[in-house]
Amino acid sequence: MSEFITIGEPLVVLASENQDISLEAAERFSKFLAGAELNVAIGMSRLGHKGIYISKVGDDSFGNFIIESVKKAEIETTYLTKDKNYSTGFYLKQKVSDGDPTVDYYRKNSAAANLSSSELETIDLSEIKIAHLSGIFPALSKTSLKTFQTFNQKLNEANILTIFDPNLRPVLWDNQEKMIRTINDLAKRSQIILPGINEGEILTGSSEPEKIADFYLKQSPLTKTVVVKLGAEGAFAKLKSGESFTLSGFKVTKVIDTVGAGDGFAVGLESALLEGKTLKEAVKRACAVGALAVQSSGDSEGYPTKEELEAFYKEK
Ligand code: KDG
């Protein structure tokens, strides 16, 4: 039974093994599964929450690798289809000792960018309790934006709790103004919004977590909760009622790779909400999974099983 659903673009990431070397000079790469929304589905599955992942890959070796890996992760693949007219997207990721790595995308006009809303017509949402949406999929193409909107509407009509992570990827947009306008508009259709503090500043013009939260709470009657990710500092949450709190992050001794930490945050939050935990407990778990995520070089490799999460809490 699937209680969770998401839609996105699966990617293969070729992660450089040459530390602090530019991507053009790097010579050795390791292959991993990637794609923000798929990362979330993988993390949810690892914590015991079955989900449906909607997307499309090309009829190529990366596409086959993705489908096999998604099946292995015990995620439902009925709506993960293959299209021989397009390719599967991939990206290169730098290895850095500090900060965020440079990435290079090879995903234009990919199979996922050509997933149309007509392909979603038969989806059964009757068992779904939570949907994870991110600002990456609608940034891919005009088609994916339309598909995203149609899907979001179906979720709203079915009264499904919808969580939106803006996940800004400026290189996927024609310009910054369009990115801001579209992402803020899409956010109006979700109950919970998860902006990172830097994204929040770009999207709302304020660098204060509370002002960022207020922006989203005020712009839509549907939005009930905003959780602003503060990186290593933790997170700030505010509810429509006006109640708010800040939780500090967990200390990490060695950061290996920051990519996938935001998706890990969503995994922690969404899995805890599915288990009936309070928002505070959910934000604490979100910070925990985010902290575990930065300690491995794949995008989703660091996400814990239930046992690993328990062990992490005990150590802290
Ligand atoms: O959030 C992690 C993602 O950045 C990564 O897996 C690749 O989906 C990806 C993207 O668009 O950057």
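Everything here concerns the structure above.
The paragraphs below set out a description of the structure included in this document. (Residues numbered from 1 in each chain as written. Predicted model: local features only at pLDDT ≥ 70, side-chain atom pairs only at ≥ 80, totals over all residues. Heavy atoms only, no water.)

### As for the overall build of the protein chain
Right, so step 1: The helix and strand inventory of the protein chain stands at nine helices and 13 strands.
Right, so step 2: Whereas a compact globule of 316 residues would reach a radius of gyration of roughly 20 Å, the protein chain reaches 18 Å, a difference of no more than 12%.
Right, so step 3: On the principal axes, the C-alpha backbone points of the protein chain span a range of 50 × 45 × 40 Å.
Right, so step 4: Going through the 316 residues of the protein chain one by one, you find that 55% of them count as buried.
Right, so step 5: If you sum the accessible surface of the protein chain, you get close to 13,900 Å²; carbon and sulfur atoms cover 49% of it.
Right, so step 6: The centroid of the 37 positive side-chain charges in the protein chain is displaced by 3 Å from the centroid of its 43 negative side-chain charges. (Helix = DSSP H or I, 4+ residues; strand = E, 2+ residues; numbered from the N terminus. Rg over C-alpha atoms; globule rule 2.2 N^0.38 Å. Buried < 20%, exposed > 50% of the residue type's maximum accessible area, 1.4 Å probe, protein only. Areas by Shrake-Rupley, 256 points an atom, 1.4 Å probe, with all protein chains shown as cover. Lys, Arg positive; Asp, Glu negative; His and termini not counted. Charge placed at Lys NZ, Arg CZ, Asp CG, Glu CD.)

### A few points about the site of the ligand
Right, so step 1: Neighbouring the ligand are 14 residues; Y105, R107, R169, D263 and D299 lie closest to it.
Right, so step 2: Within the backbone of G35, a nitrogen or oxygen atom sits 3.0 Å from an oxygen atom of the ligand.
Right, so step 3: Note that an oxygen atom of the ligand is positioned 2.7 Å from one of the side-chain N or O atoms of R107.
Right, so step 4: Within the complex, the protein chains bury 95% of what would otherwise be the 320 Å² of accessible surface of the ligand.
Right, so step 5: Its residues placed into classes, the shell around the ligand shows seven nonpolar, three polar and four charged. (Near = heavy atom within 4 Å. Polar contact = N/O pair within 3.5 Å; in protein donor to acceptor, adjacent residues only side chain to side chain. Nonpolar A, V, L, I, M, F, W, Y, C, P; charged D, E, K, R; others polar.)

### Focus: the pattern of salt bridges
Right, so step 1: Applying the stated criterion across every chain yields a total of 18 salt bridges.
Right, so step 2: For E3, the salt bridge goes to K129, with nearest N and O atoms at 3.9 Å. Of this pair, E3 sits in the segment before β1 (4-7) while K129 sits in the loop between β7 (103-106) and β8 (130-134), and the two are 126 residues apart along the sequence.
Right, so step 3: Judged by its relative accessible area of 44%, K129 is partly exposed.
Right, so step 4: Among the ionic pairs, E119 bridges to K56, the shortest N-O distance being 3.3 Å. Taken as a pair, E119 in the loop between β7 and β8 and K56 in strand β4 (residues 51-58) lie far apart in primary sequence, 63 residues in all.
Right, so step 5: The class for E119 is partly exposed, based on a relative accessible area of 31%.
Right, so step 6: On the basis of relative accessibility, which here comes to 5%, the residue K56 falls in the buried class.
Right, so step 7: The network of salt bridges with shared partners includes K56, D83 and E119. (Salt bridge = Lys/Arg side-chain N within 4 Å of Asp/Glu carboxyl O.)

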